[in-house]
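Take a look at the letters that make up each chain.
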Amino acid sequence: SWRTWHMVSRDQGETWSEAELLPGPAGLGWGPVKNKPILLSDGTLLAGLSDEPPDPVTEWKWIPYAQRSPDGGWTWEAPVEVPMPRIEGYGLIQPALWESRPGHVHMLLRSTDRRLYRSDSTDYGRTWCGAYPMGLPNNNSGLDVARTEEGLLALVCNPVPGWGRPRTPLSVLLSSDNGNTWTHRLDLETAEGEYSYPAVIATPRGLAITYTWKRERIAFWHGSVEQIPKWGQT
């Protein structure tokens, strides 16, 4: 039962209001889950969210959604469920979003099917195509995506085959063709342990990334895309 809370600052982050729960239907989270919302070219704020209702067969079921706000997050439209095929395990969760050109929005999804999934929208996130598998492996771990001003797509994830495998290495991958191929890769962490739940944004210098370090603390990496070498994985 995910829930999203919000706080407001009217002085550039110096002080904040008390946290308030975003209103929504019982049993379904309202607003973003894990990953950041993105501001679309038409001014709409788009969030990826997900629900985890109980399931008698698999313990629970994962269902991804997208949700739009026309006024910067003050009010939200009803969530739109992302169609997905029958998937091994729980399903898909925690969408990570980007807009490639006006109205064309995409998401990558964490999966229990041993690989990343993707869905696309051509109407600013109002409707989505059925989720489909990508070539990249996913061990049921979180991920995040950011698009740079130059049009590069940066994905931070654990590119590890096999459901439940250790969440290492943690890597940042680059794509210059909207996620169809991934040509550059830099491993941020390779040691034994868990490095997970990344978040990434594009900055004037390149990329800023945070992630959990062995579930003990938060780590931070800030670097240029030129630091990420060629990889060749498609």
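Definitions and limits used
Residues numbered from 1 in each chain as written. Predicted model: local features only at pLDDT ≥ 70, side-chain atom pairs only at ≥ 80, totals over all residues. Heavy atoms only, no water. Pairing = 2+ DSSP bridges. Helix = DSSP H or I, 4+ residues; strand = E, 2+ residues; numbered from the N terminus. Axes fitted to C-alpha atoms, helices over the stretch in contact; angles between N-to-C directions.

## Digging into the sheet that holds strand β8 (residues 80-81)
Turning to step 1, where the next piece is worked out: Across the sheet, four strands lie side by side as β3-β4-β7-β8; this open sheet has antiparallel pairing. Looking along the sheet, the strands with just one partner apiece sit at the ends: β3 (38-39) and β8.
Turning to step 2, where the next piece is worked out: Across two bridges, the pairing between strand β7 (residues 63-69) and β8 is antiparallel. If you follow Y65 over to β8, its bridge partner there is E81.

## As for the sheet that holds strand β17 (residues 195-203)
Turning to step 1, where the next piece is worked out: What the three strands build is an open sheet, ordered β17-β18-β19; its pairing is antiparallel. Every other strand in the sheet has two partners, leaving β17 and β19 (217-223) as the edge strands with one partner each. Strand-to-strand twist in this sheet, taken as the mean axis angle between neighbours without regard to direction, amounts to 20 degrees.
Turning to step 2, where the next piece is worked out: Relative to strand β18 (residues 206-213), β17 is paired through seven bridges, and the arrangement is antiparallel. Bridging across to β18, Y195 finds its partner in W213.

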